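Listed below are the residues making up each chain.
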2 protein chains.
Amino acid sequence: MNVASPQSLKALAKLAEAFPGDFLLTAEGDLERYSRDWSGDHVSRPLAVARPRTAEDVAALVRHCRQERIPLVPQGGLTGLVGAAVAAPGGGELVVSLERMNAVRSVSPIDFAMVVEAGCILEDAKHAAEKHDCVLPITFGAQGSCRIGGNVATNAGGFNVLRYGMTRDLVLGLEVVLADGRIWNGLKVLRKDNRGYDLKQLFIGSEGTLGIVTAASLKLFPKPTQVEVALVGLRSVEDAMLLFARARRECSDLLTAFELILREGIEVALRARPDFTDPMDAPYPVYVLIETSAAGRVDLRALLEGCLAEADDLVADAVMASGKAQADRLWLFRETMVERQGNGRRYLRTDVSVPISRLAELVDQGVAAVRGRYPEALALAYGHVGDGNVHMNVIPPADLSLQQTEDLFHGAEALIFDVVDRLGGSISAEHGIGRVKQKAFVERADPVALDLAMRLKNVLDPGHLLSSGRIFPSLPGASDE
Amino acid sequence: MNVASPQSLKALAKLAEAFPGDFLLTAEGDLERYSRDWSGDHVSRPLAVARPRTAEDVAALVRHCRQERIPLVPQGGLTGLVGAAVAAPGGGELVVSLERMNAVRSVSPIDFAMVVEAGCILEDAKHAAEKHDCVLPITFGAQGSCRIGGNVATNAGGFNVLRYGMTRDLVLGLEVVLADGRIWNGLKVLRKDNRGYDLKQLFIGSEGTLGIVTAASLKLFPKPTQVEVALVGLRSVEDAMLLFARARRECSDLLTAFELILREGIEVALRARPDFTDPMDAPYPVYVLIETSAAGRVDLRALLEGCLAEADDLVADAVMASGKAQADRLWLFRETMVERQGNGRRYLRTDVSVPISRLAELVDQGVAAVRGRYPEALALAYGHVGDGNVHMNVIPPADLSLQQTEDLFHGAEALIFDVVDRLGGSISAEHGIGRVKQKAFVERADPVALDLAMRLKNVLDPGHLLSSGRIFPSLPGASDE
């Protein structure tokens, strides 16, 4: 246990006195599962874990911690990829797990809205919506583990941003515990409300640094009754992006996903699953997985088929799924590639974006730079290219030492970020900054933007009590108001 | 001329010295058209009118005004309805007209994005997008006069929010001059960017109180190649809302407008235009105007026809336009009603919203309350009910005195706002707060929300230099940092 200082022990004793019963977990064994995130890249023991049941519980806890100068970090499903929700090293941070605030408070198919507590697992919220023939369209691999509060705090993206937007676009209202221990109740389900500043925007995507989200009201959409999926083989990333612009038009914005996969990614899936066969007669350097969906009686199949047939100058080959089983099988290429890319080893993940018109340059130049410098590594690029967002990952060869691996990660990331910077892009499209990208973020940030952001932090959390060291560097004197 | 104080004259002389040439308008006749808004309800002479050509011009002006403690108000097309952009009474405020910053800087159909200066007239921006087969979907009556900066500053709504969202949802990036005279350049066209706080959200909808928007990058969409319009007669507002929920599903979210009109509104149009004939054989208490649109080869007509045919338990009668001319004619009922509702007199406008599931109650109870108390007045309700937003307006009888008219406005507004409050709604769905609704807003605001908003104002504009008295009351000591 890394909590040993007399101050920590005193703080713990006072906490336990103020919050008796099973509110607080302090035993070594109990802390285990709150100390490690999904990726396994971040492991750190907290001071303790608080498990509130209500927003009032959270508020009382924040007031206590403010008084006692105990830094706090809200925690959801621990599926984030930037080390934001695990306690900072040092053992002084109290984790606030929202897992017991997991109710779906209401679903209204007439309002196309639902109200959900922060600790609700995304998939549970999605199922609750589906029972009312609606869809909550936040969709990504971690949906069975991540929690709504974390989705809001990180402005989660995923597969369906193209059609439905980021989490920010889906939030109608929030309930938030502020750093001073007050509760802001902004849990409305209004579609339009121009009464002064839109305060919820402050907290969405702020990664727990400005307040603790305890509940959210979210937009729902009619549940699609039809889905069509195609895998398309192409000669270049540029052709893929030209196809995207046409497909948006031809499919009347009914596209729900447009995912790039390089040939190397297909090969990862083929190697991992000997039962898979190459999806087309010949290999192509680039593939896109296209999904369209509709709720009404649109002839969706004809729409997608027509779009691909007309684009015969771009489409080298295409497979259209003839039903749900085949559609799932096409998606499985992508899922298998993502799950098995590392082949059990640590690998470099990036999550970058550029204007859509520059995406082909980003992939071509980024992959070429990494392969040129590290020919023995595997460079993959895949992602939500309809949003200009791509994950360029680098898998090191098996025989590297720890230091050689670190050097490769730093070197390859610098190569990729250089291309991103040159093309006016973002080093974090959907994962956020957290602790992992904090230095790279601050180095690149426009000074005016950084000053504005710091002012917001200082006015909403003057003691730097909440999620200190995420997004911004930890300040000396943090928690001293 | 209401500028007479020695301080004002001295301030003007210094301004003219610092900004020579045609930058500053000070002559009585020149100020005329910057002194009155579209509604004619707000008339007030400014200290002078500054007409910058660049963001650097705006920044230099702000720095000068900060030094000299001259309050500023940015001004666009003067089509707002809450008195925000006309100078505050007293003649001490300098109007910053963005009209000379009206360039369309770029349109990219591959990025589905454009970059436009704040002074660009919305319709000019829309035309520029259309040349590239794209649509900028901010759409409302004032689009020929309003300017992009005002659309952003007020988070403008309109007819197509249902499909494309409010202006907030369409902004990819902003360039803003801050109250301290620095320029924040956030003019990116990235679809996804989770690098720290989303600063643009602060300025969207802040009504000029936190910064001066000088340019915006905006999302575009494929230009629809098909539009279908129907006018539907119904027995009740409740039936209209039930039809909405079904139409969203059946038309696969291809609805672009769902507008409520009461029978009294159709009669306003019929009285105003003797060449119009009643749109259906029999009158109905409630009508909805439905518009769907698509870019691809969807059979849009069959979709809308099928939806209405299946809803025969709700639809009393329906007219589907058989071409653009007929569609325009159906829309003309709505436009004529809006333009001619006052019959030349001043009337009470409201712009309220509730959860969609409460909209029927809002209209039924609001109209009944007004008609019960003021049987001689004409109470209308119309608007974007698919967003839960309705304009409930009250036209006084012709023979009232000025005082009686004011009394009726106050009394009727209180009746309507009471219903809104009871149903958990907003007293400003899309028009904003400005000076007109400032008192009603502050009275109703949650103290925590109001405190948060005031803190944002104080940290971003500590001297209350920008648009003082909008949203919040003017503070004593404003402009004294």
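Residues numbered from 1 in each chain as written. Chains lettered and ligands numbered in written order. Predicted model: local features only at pLDDT ≥ 70, side-chain atom pairs only at ≥ 80, totals over all residues. Heavy atoms only, no water.

## Remarks on the overall build of chain A
No. 1: A count of helices and strands for chain A gives 16 helices and 18 strands.
No. 2: For 481 residues, the compact-globule estimate of 2.2 N^0.38 gives 23 Å, and chain A sits close to it at 23 Å.
No. 3: For chain A, the spread of C-alpha atoms along the principal axes amounts to about 70 × 60 × 45 Å.
No. 4: Here chain A holds 481 residues, and the buried ones make up 63% of them.
No. 5: Counting contacts in chain A only where the partners sit at least 6 residues apart, residues at least 24 apart contribute 72% of the total.
No. 6: A total accessible area of about 17,300 Å² is found for chain A, and carbon and sulfur atoms account for 50% of it.
No. 7: Here chain A contributes 52 positively and 63 negatively charged side chains, and the mean placements of these two sets differ by 4 Å. (Helix = DSSP H or I, 4+ residues; strand = E, 2+ residues; numbered from the N terminus. Rg over C-alpha atoms; globule rule 2.2 N^0.38 Å. Buried < 20%, exposed > 50% of the residue type's maximum accessible area, 1.4 Å probe, protein only. Contact = heavy atoms within 4.5 Å. Areas by Shrake-Rupley, 256 points an atom, 1.4 Å probe, with all protein chains shown as cover. Lys, Arg positive; Asp, Glu negative; His and termini not counted. Charge placed at Lys NZ, Arg CZ, Asp CG, Glu CD.)

## As for the sheet that holds strand β17 (residues 378–384) of chain B
Residues and elements named next belong to chain B.
No. 1: Reading across from one edge, β15-β12-β14-β13-β17-β18-β16 is the order of the seven strands in this open sheet, with antiparallel pairing throughout. The sheet is open, and its two borders are formed by β15 (315–320) and β16 (352–353), each paired with just one other strand.
No. 2: With seven bridges joining them, strand β13 (residues 255–262) and strand β14 (residues 286–294) adopt antiparallel strand pairing. Of the residues in β14, the one forming a bridge with L260 is V288.
No. 3: Lying on the sheet, helix α10 (residues 263–272) is in contact with β13, β14 and β17; it crosses β13 at an angle near 85°.
No. 4: Helix-sheet contacts for helix α11 (residues 300–310) involve β12 (226–234), β14 and β15, and the interaxial angle to β12 is about 15°. (Pairing = 2+ DSSP bridges. Axes fitted to C-alpha atoms, helices over the stretch in contact; angles between N-to-C directions.)

## Brief notes about the domain arrangement of chain A
No. 1: Assigned domains of chain A: these are domain 1 (6–99), domain 2 (104–222), domain 3 (226–340) and domain 4 (352–422).
No. 2: Averaged C-alpha coordinates put domain 1 of chain A and domain 3 of chain A at centres separated by 44 Å. (Domains from an automatic or database assignment.)

## So, the relation of the copies chain A and chain B
No. 1: After a rotation of 180° and a shift along the axis of 0.0 Å, chain A superposes on chain B with an RMSD of 0.0 Å. Here the symmetry operator amounts to a two-fold rotation axis. (Least-squares fit on C-alpha atoms with pLDDT ≥ 70 in both.)

## Thoughts on the UniProt feature "domain: FAD-binding PCMH-type" (unreviewed entry) in chain A
No. 1: On the UniProt side, "domain: FAD-binding PCMH-type" (unreviewed entry) is annotated at positions that read residues 42–223 of chain A here.
No. 2: Each end of residues 42–223 of chain A is marked by a C-alpha atom, and these two atoms are 37 Å apart; helix forms 23% of the span and strand 25%. (UniProt positions renumbered as here; feature names shortened; annotations may be inferred.)

## Considerations on the pattern of salt bridges
Residue and element names in this part refer to chain A.
No. 1: Taken as a whole and judged by the stated rule, the model has 75 salt bridges over all chains.
No. 2: The salt bridge partner of E28 is R45, with a shortest N-O separation of 2.5 Å. Of the two residues, E28 is situated in helix α2 (residues 28–31) and R45 in the loop between α2 and β2 (48–50); the sequence distance between them amounts to 17 residues.
No. 3: Given a relative accessible area of 35%, E28 falls into the partly exposed group. (Salt bridge = Lys/Arg side-chain N within 4 Å of Asp/Glu carboxyl O.)

## With respect to the sheet that holds β2(A)
Residue and element names in this part refer to chain A.
No. 1: On the basis of which strands lie adjacent, the open sheet formed by four strands has the order β1-β2-β4-β3 and mixed pairing. The sheet terminates laterally at β1 (24–25) and β3 (72–75), the two strands that pair on one side only.
No. 2: As paired strands, β3 and strand β4 (residues 94–97) are joined by four bridges and run parallel to one another. Bridge assignment links P74 to a residue of β4, and that residue is V96.

## A look at the environment of V436(B)
No. 1: Within the secondary structure layout, V436(B) lies in the loop between α14 (402–422) and α15 (438–444).
No. 2: Apart from the residues within four sequence positions on either side, V436(B) is in contact with H42(B), L81(B), V82(B) and G83(B).

## So, the packing of α10(B) against helix α12 (residues 324–340) of chain B
Residue and element names in this part refer to chain B.
No. 1: As a packed pair, α10 and α12 sit with axes 8 Å apart at the nearest point and diverge in direction by 85°. As summarised for this structure, α10 and α12 are arranged roughly perpendicular, according to the angle between their axes. Residues G265, I266, V268, A269, L270 and A272 of α10 form the contact with α12, whose participating residues are F333, T336, M337 and R340.
No. 2: Looking at side-chain class alone, the contact of α10 with α12 contains seven nonpolar, two polar and one charged residues. (Parallel < 35°, antiparallel > 145°, perpendicular 65-115°, else oblique. Nonpolar A, V, L, I, M, F, W, Y, C, P; charged D, E, K, R; others polar.)

## A few points about the interface of chain A and chain B
No. 1: In this complex, chain A contributes 89 residues to the contact, which on the side of chain B involves 89 residues.
No. 2: When chain A packs against chain B, close to 7,200 Å² is buried across both sides, 59% of that on carbon and sulfur atoms.
No. 3: Three residues stand out in chain A for area buried against chain B, namely K192(A), N194(A) and Y197(A), and they jointly supply 14% of the buried area on that side.
No. 4: Where chain A packs against chain B, one counts 14 salt bridges.
No. 5: One salt bridge connects E250(A) with R297(B), and the closest N-O pair in it is separated by 2.8 Å.
No. 6: Linking chain A to chain B there are 46 residue pairs in polar contact (both at pLDDT 80 or more).
No. 7: For the side of chain A that touches chain B, the elements supplying multiple residues, two or more each, are α7 (167–170), β9 (183–186), α8 (200–203), β11 (221–222), α9 (237–250), α11 (300–310) and α16 (447–460) of chain A. (Buried area = accessible area lost by both parts, 1.4 Å probe. Polar contact = N/O pair within 3.5 Å; in protein donor to acceptor, adjacent residues only side chain to side chain.)

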